[in-house]
Amino acid sequence: MPLADLTLDQWRSFDLPTARRVAEEAAGSVNGRVTLIGTTEHLGAPLHHVRIERDEQEFALIPGGPVSLGFDLDGWQPTPQQTADYAESLAQGFGHGPDLRAHLAQVLSPRRSVVLATVLMAAEDEDLTESPADMPAVLAARGLRMPSSDEWEHACGAGAETLFRWGDDCPLDRIPYGDSTGPQNQLSAFGLRIAYDTYRTELTSDATAVHGGDGGESVCGGYGRMLAWLPLATANRNPSMAEFVYGPDGEDVDDCSTRAVLTL
């Protein structure tokens, strides 16, 4: 079976020796080397995570296949604290819609099923060195590409159906910026440092979406604590920020980054 056809369900069924063999095969196919293979508890079952180094850059193995993405608003209920915090933001003139559910409908991608290829994705995002329009060529010169929005979302959530990659809740006694103890500082289930800083804005091949942060807009604007955490939500595509980044003033935006993908 080609490595690109490996599914998440198959990957989850492997014992550690089999996962190690597949990891070594993936590393050999890109002239890299396995630097880490471990196992963590995720969604009630073990999940292996792999790091592969190539050209002094570390990549995580992201198994694909049929996967579910987006957020199911109909099956979600905000906590009383989340509802109250959003109401405070709304009173200050922030938010989209009369309640938190209406706001999320504007910024999150809908629940859907897609089929993705297995890829290697950079464990860390990297700053843009050119304009968003020119970054695909920059990465292509290194044998890499930008991820699609679907690939980014899958890499972040690893099959989790919750609002954030760590769950539906977030610490509402503080904002994420400057918080060294919050859940955003943990690596994702696939071993990525992702959706960790609202000042970071990750770009993909989809010019209608940005991920993992909003350039600090929500923090600097004093939007409220729930709205300050939401840029880190797995399915948040932040369409207004995407419109700004890819608009005429976008080249002046700081803290934009992307996450390189190595195709298997």
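Quick caveat: nothing in here was measured; it's all calculated off a predicted structure.

**Q** Just give me the short version of the packing of aromatic side chains, but keep the residues and values in it.
**A** Each pair of aromatic rings is reported with the distance of its centres and the angle of its planes. In total, this model carries six aromatic pairs according to the counting rule given. Taken together, a centroid distance of 6.0 Å and an interplanar angle of 80° make the contact between W166 and W229 edge-to-face. Residue W166 is found in the loop between α6 (149-157) and β8 (201-203), and its partner W229 is found in helix α8 (residues 225-229); the two are separated by 63 residues along the sequence. Aromatic pair Y177 and Y199: ring centres 4.6 Å apart, planes at 50°, arrangement tilted. Placement of the pair is Y177 in the loop between α6 and β8 and Y199 in the loop between α6 and β8, with a sequence separation of 22 residues. On the accessibility criterion, Y177 (47% relative accessible area) is partly exposed. One aromatic cluster in this structure is built from F164, W166 and W229. One Lys or Arg, R193, reaches over the ring of Y196 and ends 4.0 Å from the middle of that ring.

**Q** Any chance you could break down the sheet that holds strand β10 (residues 256-258) for me, citing the residues and the numbers?
**A** Strand pairs in the sheet, formed through backbone hydrogen bonds, run parallel or antiparallel to each other. Ordered by their spatial adjacency, four strands build an open sheet running β7-β10-β8-β9, and the pairing between neighbours is mixed. The sheet is open, and its two borders are formed by β7 (126-127) and β9 (210-211), each paired with just one other strand.

**Q** Explain the sheet that holds strand β3 (residues 57-62) to me, using residue names and the numbers behind them.
**A** Pairing is antiparallel across the open sheet formed by five strands, whose spatial order is β1-β2-β3-β6-β11. The sheet terminates laterally at β1 (33-42) and β11 (261-263), the two strands that pair on one side only. Each strand axis lies, on average, 30° off the axis of its neighbour in the sheet, ignoring direction. With nine bridges joining them, β1 and strand β2 (residues 45-54) adopt antiparallel strand pairing. Residue R33 lies in a different strand from β2, and its bridge partner there is E53. Helix-sheet contacts for helix α2 (residues 16-29) involve β1 and β2, and the interaxial angle to β1 is about 140°. In this fold α6 packs onto β1, β3 and β6 (119-122), with an angle of close to 80° to the strand it touches most, β6.

**Q** Requested: an account of empty space enclosed by the protein, with residues and values cited.
**A** The tally for this structure, following the rule as stated, stands at one cavity of 30 Å³ or more. The computed volume of the largest cavity comes to approximately 90 Å³. Residue lining of the largest cavity: 13 residues in total, with S68, E153, G157, A160 and T234 positioned closest to the centre. Within the residue set of the lining of the largest cavity, elements represented by two or more residues are β4 (65-69) and α6. Looking at the lining of the largest cavity residue by residue, the classes come out as four nonpolar, seven polar and two charged.

**Q** Any chance you could break down the pattern of salt bridges for me, citing the residues and the numbers?
**A** Tallying each qualifying case throughout the model produces 20 salt bridges. One salt bridge connects E88 with R225, and the closest N-O pair in it is separated by 3.9 Å. With E88 in helix α3 (residues 80-91) and R225 in helix α8, this residue pair connects regions lying 137 residues apart in the sequence. E88 sits in the partly exposed class, given a relative accessible area of 48%. A salt bridge links D125 to R259, with the nearest nitrogen and oxygen atoms 3.9 Å apart. With D125 in the loop between β6 and β7 and R259 in the loop between β10 and β11, this residue pair connects regions lying 134 residues apart in the sequence. The pair D125 / R259 is uniform in exposure class, with both members buried. It is possible to trace a salt-bridge network through shared partners that takes in R112, D150, E153, D206 and R237.

Criteria and cut-off values
- Residues numbered from 1 in each chain as written.
- Predicted model: local features only at pLDDT ≥ 70, side-chain atom pairs only at ≥ 80, totals over all residues.
- Heavy atoms only, no water.
- Phe/Tyr/Trp six-rings, centres within 6.5 Å; stacked < 30°, edge-to-face > 60°.
- Helix = DSSP H or I, 4+ residues; strand = E, 2+ residues; numbered from the N terminus.
- Buried < 20%, exposed > 50% of the residue type's maximum accessible area, 1.4 Å probe, protein only.
- Lys NZ or Arg CZ within 6 Å of the ring centre and 35° of its normal.
- Pairing = 2+ DSSP bridges.
- Axes fitted to C-alpha atoms, helices over the stretch in contact; angles between N-to-C directions.
- Contact = heavy atoms within 4.5 Å.
- 1 Å grid on protein atoms, 1.4 Å probe; cavity = no way out; pocket = protein on both sides within 12 Å on 5 of 7 lines; lining within 4 Å.
- Points joined across faces, edges and corners; volume = space filled by probe spheres on them.
- Nonpolar A, V, L, I, M, F, W, Y, C, P; charged D, E, K, R; others polar.
- Salt bridge = Lys/Arg side-chain N within 4 Å of Asp/Glu carboxyl O.

Honestly, it's all geometry; don't read function into it.
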